[in-house]
Amino acid sequence: MSRIRTTALGLTLAAVVTSLSLGASPAPASAAGTAAAQAPAVEEAPTVEEARLDREVPREILRRSGFDGAAPRFAAALRGAGSYAQAERVVVRHGTALWRRAVDRAQGRGPAGGDLARDDDRPLYWARLGMTRELRAWEARSGLPQEARRRLLERLESASRGQDTVGFPRGRGVRRVLMTGFDPFTLDRDIRIGNPSGAAALALDGTLVRTPDGGWARVEAVVFPVRWRDFADGAVERALRPHLPRVDLFTTVSQGRVGRFDVERFNGAWRGGFPDNENVSATGPVPVDDPATRPQWTVTSLPYAAITAAGTGPFPVYDNTQVTEVPAGGSEPVVRADGPTPGSAARAGGGGDYLSNEIAYRATLLRDRLGLPGLPGGHVHTPVLRFGAGNADAVEDPELLRNRAAITAQVRAIVAVAVGEARAGRG
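Described below are features of the structure shown in this document. Since the model is a prediction, treat every value here as computed from it, not as a measurement.

1. Thoughts on helix H12 (residues 355-369)
And then number 1: The terminal C-alpha atoms of H12, which comprises 15 residues, lie 20 Å apart, in line with the 21 Å expected from a rise of 1.5 Å per residue.
And then number 2: Counting buried residues along H12, 13 of its 15 residues qualify, which places the element largely inside the surrounding structure.
And then number 3: Phi turns positive one or two residues past the end of H12, at Gly371, with a value near 70°.

2. Observations regarding the nonpolar core
And then number 1: Membership of the largest hydrophobic core comes to 71 residues, with the highest contact counts inside it found for Trp126, Leu135, Trp138 and Met179.
And then number 2: Counting residues in each nonpolar core, the second largest holds 25 residues, with Phe168, Val247, Ala282 and Ile359 among its members.

3. Digging into the sheet that holds strand S14 (residues 377-382)
And then number 1: Here we have 7 strands laid out as an open sheet, ordered S2-S3-S1-S4-S14-S5-S10, and mixed in their pairing. Because the sheet does not close on itself, it has two edges, and the strands there are strand S2 (208-210) and strand S10 (317-320). Here the strands of the sheet are splayed against their neighbours by 30° on average, with no regard to which way each runs.

4. Structural notes on the packing of helix H6 (residues 122-137) against helix H7 (residues 146-160)
And then number 1: Between H6 and H7, whose axes approach to 10 Å, the crossing angle comes to 165°. By the angle between their axes, H6 is roughly antiparallel relative to H7. Note that H6 runs across H7; the crossing there is right-handed. Contacts between H6 and H7 involve Leu124, Arg128, Met131, Thr132, Leu135, Arg136 and Ala137 on the former and, on the latter, Arg149, Leu152, Leu153, Leu156, Glu157 and Ser160.
And then number 2: Taken together, the residues that form the contact of H6 with H7 break down as 7 nonpolar, 2 polar and 4 charged.

5. Examining empty space enclosed by the protein
And then number 1: The computed volume of the largest cavity comes to approximately 70 Å³.
And then number 2: Looking at the largest cavity, the residues that line it are Leu249, Thr251, Val253, Phe261, Leu302, Ile307, Val380, Val411, Ile414, Val415 and Ala418.
And then number 3: Taken together, the residues of the lining of the largest cavity sort by class into 10 nonpolar, 1 polar and no charged.
And then number 4: What the second largest cavity holds in volume is close to 50 Å³.
And then number 5: With 3 residues, the top contributor of residues to the lining of the second largest cavity is H6.
And then number 6: Here the residues of the lining of the second largest cavity sort into 6 nonpolar, 1 polar and 3 charged.

6. Some details on the pattern of salt bridges
And then number 1: Across all of its chains, the model carries 36 salt bridges by this definition.
And then number 2: Between Arg257 and Asp262 there is a salt bridge, with the nearest N and O atoms lying 3.2 Å from each other.
And then number 3: Residue Asp262 is classed as buried on the basis of its relative accessible area, which comes to 0%.
And then number 4: A salt bridge links Asp319 to Arg265; its shortest N-O distance comes to 2.5 Å. Of this pair, Asp319 sits in strand S10 while Arg265 sits in the loop between strand S5 (261-264) and strand S6 (266-268); the two residues are 54 residues apart in sequence, bridging distant segments of the chain.
And then number 5: Beyond isolated ion pairs, a larger network of salt bridges with shared partners links Glu49, Arg128, Glu157, Arg161, Asp183, Arg227, Arg229, Asp230 and Glu278.

7. Re the packing of helix H5 (residues 84-106) against H7
And then number 1: Interaxial distance between H5 and H7 falls to 7 Å at its minimum, and their mutual angle equals 25°. Our classification of the angle between H5 and H7 gives roughly parallel. The element H5 and its partner H7 pack so that their crossing is right-handed. Together, Tyr84, Ala87, Glu88, Val91, Val92, Gly95, Thr96, Leu98 and Trp99 of H5 and Ala148, Arg151, Leu152, Arg155, Leu156, Ala159 and Ser160 of H7 make up the contact between the two elements.
And then number 2: Considered class by class, the residues forming the contact of H5 with H7 number 10 nonpolar, 3 polar and 3 charged.

8. Side note on helix H4 (residues 70-79)
And then number 1: Listing the buried residues of H4 in full gives Ala70, Ala71, Phe74, Ala75 and Leu78. Looking straight down H4, one finds its buried side chains confined to an arc of 125°; they lie on one side.
And then number 2: The inward-facing, buried residues of H4 abut H5, H6 and H7.

Reading guide: rules and limits
Residue positions are counted from 1 within each chain, in the order its sequence is given. With pLDDT at 70 or above as the cut-off, local features in this predicted model cover only qualifying residues; side-chain atom pairs require 80 or more to be listed or tallied, and sums for whole chains, interfaces and linings still use all residues. To get the side-chain values, all heavy atoms of the structure are used, and hydrogens and water are removed first. For helices the rule is a DSSP run of H or I covering at least 4 residues; for strands it is a run of E covering at least 2, with both sets numbered from the N terminus onward. Between the first and last residue of a helix there are one fewer steps than residues, each counted as 1.5 Å, and that sum is the expected span. Type-normalised accessible area, obtained with a 1.4 Å probe on protein chains alone, sets the label of each residue: buried when under 20%, exposed when over 50%, and partly exposed for intermediate values. The nonpolar core is taken to be a set of buried Ala, Val, Leu, Ile, Met, Phe, Trp, Tyr and Cys residues, with the residues joined through side-chain atoms within 4.5 Å. Between any two strands, at least two bridges found by DSSP are needed for them to pair. Helix axes are fitted to C-alpha atoms over the stretch in contact, other axes to C-alpha atoms as well, and angles between N-to-C directions run from 0 to 180 degrees. Here the angle decides the label: under 35 degrees means roughly parallel, over 145 means roughly antiparallel, 65 to 115 means roughly perpendicular, and every other value means oblique. A clockwise turn of the near helix away from the far one marks a right-handed crossing, whereas an anticlockwise turn of less than a right angle marks a left-handed crossing. We call two residues in contact whenever any of their non-hydrogen atoms come within 4.5 Å of each other. Classes in brief: Ala, Val, Leu, Ile, Met, Phe, Trp, Tyr, Cys and Pro nonpolar; Asp, Glu, Lys and Arg charged; the others, Gly included, polar. The rule is simple: put a 1 Å grid over the protein atoms alone, call a set of points where a 1.4 Å probe fits but cannot get out a cavity, call an open set with protein on both sides within 12 Å along at least five of seven lines a pocket, and count a residue as lining if it has an atom within 4 Å of a point. Grid points are joined across faces, edges and corners, and a volume is the space filled by probe spheres set on the points. Should a side-chain nitrogen of Lys or Arg be within 4 Å of a carboxyl oxygen of Asp or Glu, the pair is scored as a salt bridge. Picture the helix axis, draw a direction to every C-beta atom, and the arc is the one those directions span.

Following this line, the structure appears as structure tokens:
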């Protein structure tokens, strides 16, 4: 999901006591805390993302997948909540159910709900936005402090993205793989767009993958938003930190270049400013905790040689070593084909300077900060998922369906090769 040049795009809440009634305040630790807790309820306006729901394409996608009832059911359940604790239970229950329904649909379980292809990631995206819009508009019986509403939105996001239900089997017989995907993006360019990394995440979540050496790997997948602010707020670290010490391999995945997969060798500590799904730009160093120890570059530990050499599917797979840097002592960015030079400042990793580069940077930096240098992990870019030539308005067509299925199958094969190589101790 990176913005790659000319080719393709790649709360902390201080204290909310869940047993309180919606109108009551948490016991404040300071005068400022008291003022915040006693602030009147505010009905928040829809976000830029949520406002797109009023267009015809999102409504069609929801209707043709059967996901159009998710937000109304959620709103009805919220109206019955009389306390923060009850509202939180509603949020977690409906958010988790949305994720599980999207996974089940993608993997052929349960009713299809309509004639839209099962492996489509877009119903999950638009249904989630319908639910977050309902939560912003919800007027609690006794008033809802703004911080409490933010906390509920945060819980809804994590539950509906699979981040609360990651679970791996015990024992040593099955290897553990953590995989991430992304929401659709560049929707003002074409609101019909999906994201093949999100589709692959739904298809692989909770599945067993057979490795070339005859072993098995269990994949757990989560999906992230295309929003600068969530990354600055530590969403990646919160989701991944509990699991990295327990997995055998992790891979962040996003949409990249046309007609090819890339294993991105180097990730840069720089935001290039391309607008996100809220039409917000961010330019400058990647904001992380303890910036004094922020390296300019992190490096993949995926077994890239094995991945690129294997016949994983119809698309070529490249070991991409290109970066853009400001060399030590220099003042202008330089594109280098063979990785960064010592002391250089990052301006783009192999995956560009958008959120795909940033998730790769954050995930591999977290790997290093957790003291896991031997843990295989890094970023994989998929080919761009495109509609067939001449299709300017249909939400799906045969070429889209073929390519999405092929990309998902090749992601699965790449994961199998990578974890098999790691299992053999060679990656």
